Amino acid sequence: MGSPEGWNSASSSPPLAEGIGWAICLGFGAVFSLLTTLLVWLENRYSGTEQSSEHFNTAGRTVKTGLIAAVVCSQWTWAATLLQSSNVAWQYGVSGPFWYGAGAAVQILLFGILSIEIKRKAPNAHTVCEIIRARWGSTAHKVFLAFCLLTNMLVTAMLLLGGAATIEAMTGLSVYVAAFLIPLGIITYTFADGLAATFLSNYLHTIILHAVLIVFIVAVYLYPLPGGRSQLGSISDVHSRLIRLNSYTVEECASRGFLAGSTGGSGVSACGPVIGNREGSSLTMFSQGGMMFAIINLVGNFGTVFVDQSYWQAAIAARPSAAVKGYLLGGLCWFAIPFALATSLGLACLALELPLTAAQANAGLVPVASAVELLGTGGGVLMLLMVFMAVTSCGSAELIAVSSLLTYDVYKAYLRPNASGDELLKASRWCVVGFGLLMGVLAALLEIVGLALGYVYLLMGVLVGSAVFPIAACLLWRKASAQGAILGAVGGMVVAVAAWLGTAAATAGDAGLTLETTGESIPMLVGNLVAILVSMGLTTGYGLIWPDEYDWSDTRALQGIGEGVGKLDETQVEGEGDEEVVVVGGREGGRTTTAAAVVDAVMEAEMDPKRLREAKKFVLKWGVFFSVVMLLLWPLLSLPAGAPFSLPYFSLWVWIGILWGCLSSVIITVMPLAESKEAIKQVVMGMWTDLGGGGKVGSTERVVEGTVEEIIPAKATVVG
């Protein structure tokens, strides 16, 4: 397995056999791909779903709350979520995991507002760029299409590079080989059924992620598990070890195998007092480095959510009621992953005194080292599996996102405006294959250039953050003009890059501009802030001086391909219940209603403007509330605990993470199953009919009998 000291030696052998890397990339990837494809085939066969370009790219626009929450949670769980969250715990202590989670959950919570605005102002759109083209024209469309594609390519490259680098470090399998092997399974099931397959795979991935998360929490804080060289298993043990680590002198650190290079960014050491933290303690929220990271993380992640088509795609696919609650629930559940995982494995790396170098930590090896030290080969395999799940789930989301952009915003917009649904479906599938094969190339380019995972993560906001405000304004502000949006996005990026490099040059001194100096916290902080603020100022200023009075009529006029929103047939019921709102037909003189017709009518009622306005108020109220709690109230309430945290306070802190993680796991696992019980029953009954040889083979259409009161609850509302 290699000794703990071996983690800081470039010559140390990988802790796992290379065959395990091949088994996960090819074996597990193939099995998982076949399983996903099979489940999608069963769902299509027995539910009567017909494949079309509309279904391929929007999943029918009827996805429910639990699955949307699971999808959002899965899509936002990058390899960086698992690897870099523990890195900032290694650097800054307890503040790192908190700020990683809080600074990236807020964007998901607030994106719920835009998810409702899509339903109100562009209900039949396929991509965010399609909305921009309808409002601002072709020039703005091309500009923001470039920003969206840049975001998707950077995210994809970063995902694959993080996963491939971890596989190489753990098994010795070449990072280049892993980068090209991982996407193969993704291409298979995404090609088969598009967004629906992506959502199903995301759900399965998320279940596995949460299961492994709980194993690591138990090993660090609750009960020592066998298999590893060292054991923890109690909160008090971790607490005492961290206090001891922060008390070491330079000589004591050196005697324990910490090399001169085992220093994190901003001078934060993995041994001895933490520079910039009060009392040099890892157990405090008083952390200068942690606060600086919090600002970079908060600002930069707006770009990776608001400019990433995959999040818009989930909003487009969701029912209005699901869009309201799904993003709120998904954001809250996602917070548990980086917070609980990094509070466990990140702090465990410090408590176990594993002498990683800064380069190894920035490459994402902090949780890997902890997992292997605590659980041996089994821990390494679980960590690899967790990273593989994160990479493939996010990778499939990015794959279908790029496919949709290329299909609707390039092929249909400029090459074949009159393309049929069948032509668009073919184009979507070929785009899946093309970009899927390109994904490995993007990751390889980052590796060749020498850009580490942490570097690209911080750089994202500098490059795409300037597009955040103009894109949000497209749906939220009627005065925003095309010229102001373009000026804000392009001008903001140019100024941000100049500010980033200028600050790096000013702080680097004689060292000049290098990857190390440009990757420091202060230049990245300046670049991220400038991107958002300059863009906001330019777009707002232009809109106030030369306002555009827009009514969103053009965006509302966007049409689906071969399908439309279901029309209300006979009866609409309003009230305050849960979900079902409308019935079509009913039992009058023996008449029956198909379940599909009921769903269409329910969707029509959920699109009622009054209900959508209520939904917007709901998501705005709770989105802002939870954002204030995470960014202000929680940190402020932790300051009186001082430095270091007492054992009772640290126990409270850890138990919040444990309970949040467990509750998140239950919600993400159970809720989608509960909401889909009728569909699952339909598939099982269809399979039973086929296997028994009786009845009609294949898909059947469910029929609902009864009066309005029998078919649906008497009262209903979008927000529940």
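Please refer to the structure placed before this passage.
In what follows, the accompanying structure is described. If you're wondering where the values come from, they're calculated on a predicted model, not measured in any experiment.

### Thoughts on a nonpolar patch on the surface
Alright, step 1. A surface patch of nonpolar side chains, amounting to about 630 Å² of accessible area, comprises Leu620, Val624, Val628, Leu632, Leu633, Leu636 and Leu637.
Alright, step 2. Among the secondary structure elements, Leu633 is positioned in helix H24 (residues 609-638).

### Let's talk about helix H19 (residues 482-508)
Alright, step 1. Across its 27 residues, H19 extends 39 Å between first and last C-alpha, which sits within 8% of the 39 Å expected from 1.5 Å per residue.
Alright, step 2. Of the residues trailing H19, Gly509 is marked for its positive phi of about 65°.

### Comments concerning the state of the cysteines
Alright, step 1. The full count for this structure, using the stated rule, is one disulfide.
Alright, step 2. One disulfide bridge connects Cys253 with Cys271, the sulfur atoms lying 1.9 Å from each other. As the torsion about the S-S bond is roughly -95°, the Cys253-Cys271 disulfide counts as left-handed. Here Cys253 is found in helix H10 (residues 250-255), whereas its partner Cys271 is found in the loop between H10 and helix H11 (288-306), with 18 residues between them in sequence. Cys271 shares its class with Cys253; the two are buried.

### Re the packing of helix H3 (residues 65-75) against helix H8 (residues 175-222)
Alright, step 1. Two numbers describe how H3 lies on H8: the axes approach to 8 Å, and their chain directions differ by 70°. Judged by the inter-axis angle, H3 sits roughly perpendicular to H8. Taken as a pair, H3 and H8 cross one another with a handedness that is left-handed. Residues Leu67, Ile68, Ala70, Val71, Cys73, Ser74 and Gln75 of H3 form the contact with H8, whose participating residues are Phe199, Asn202, Tyr203, His205, Thr206 and His210.
Alright, step 2. Among the residues making up the contact of H3 with H8, the classes are represented as seven nonpolar, six polar and no charged.

### What to know about helix H18 (residues 468-476)
Alright, step 1. Buried residues dominate H18, accounting for seven of its nine residues.
Alright, step 2. Burial in H18 covers these residues: Val468, Pro470, Ile471, Ala472, Ala473, Cys474 and Leu475.

### Quick look at the side chain of Thr284
Alright, step 1. Within the element layout of this structure, Thr284 appears in the loop between H10 and H11.
Alright, step 2. According to the relative accessible area criterion, Thr284 is buried, its value standing at 0%.
Alright, step 3. There is a polar contact of 3.0 Å between the side chain of Thr284 and the backbone nitrogen of Phe286.
Alright, step 4. A polar contact is formed between the side chain of Thr284 and the backbone oxygen of Gly642, at a distance of 3.1 Å.
Alright, step 5. If we ignore the near neighbours within four places in the chain, the residues touching Thr284 are Val94, Ser95, Asn277, Arg278, Gly642, Ala643 and Phe645.

Procedures and definitions
Residues numbered from 1 in each chain as written. Predicted model: local features only at pLDDT ≥ 70, side-chain atom pairs only at ≥ 80, totals over all residues. Heavy atoms only, no water. Patch = residues over 30% accessible without salt bridge, like charges linked within 9 Å, V, L, I, M, F, W, Y side chains within 5 Å. Areas by Shrake-Rupley, 256 points an atom, 1.4 Å probe, with all protein chains shown as cover. Salt bridge = Lys/Arg side-chain N within 4 Å of Asp/Glu carboxyl O. Helix = DSSP H or I, 4+ residues; strand = E, 2+ residues; numbered from the N terminus. Expected span 1.5 Å × (residues − 1). Disulfide = S-S within 2.5 Å. Buried < 20%, exposed > 50% of the residue type's maximum accessible area, 1.4 Å probe, protein only. Axes fitted to C-alpha atoms, helices over the stretch in contact; angles between N-to-C directions. Parallel < 35°, antiparallel > 145°, perpendicular 65-115°, else oblique. Left-handed = near helix turned anticlockwise from the far one by under 90°. Contact = heavy atoms within 4.5 Å. Nonpolar A, V, L, I, M, F, W, Y, C, P; charged D, E, K, R; others polar. Polar contact = N/O pair within 3.5 Å; in protein donor to acceptor, adjacent residues only side chain to side chain.

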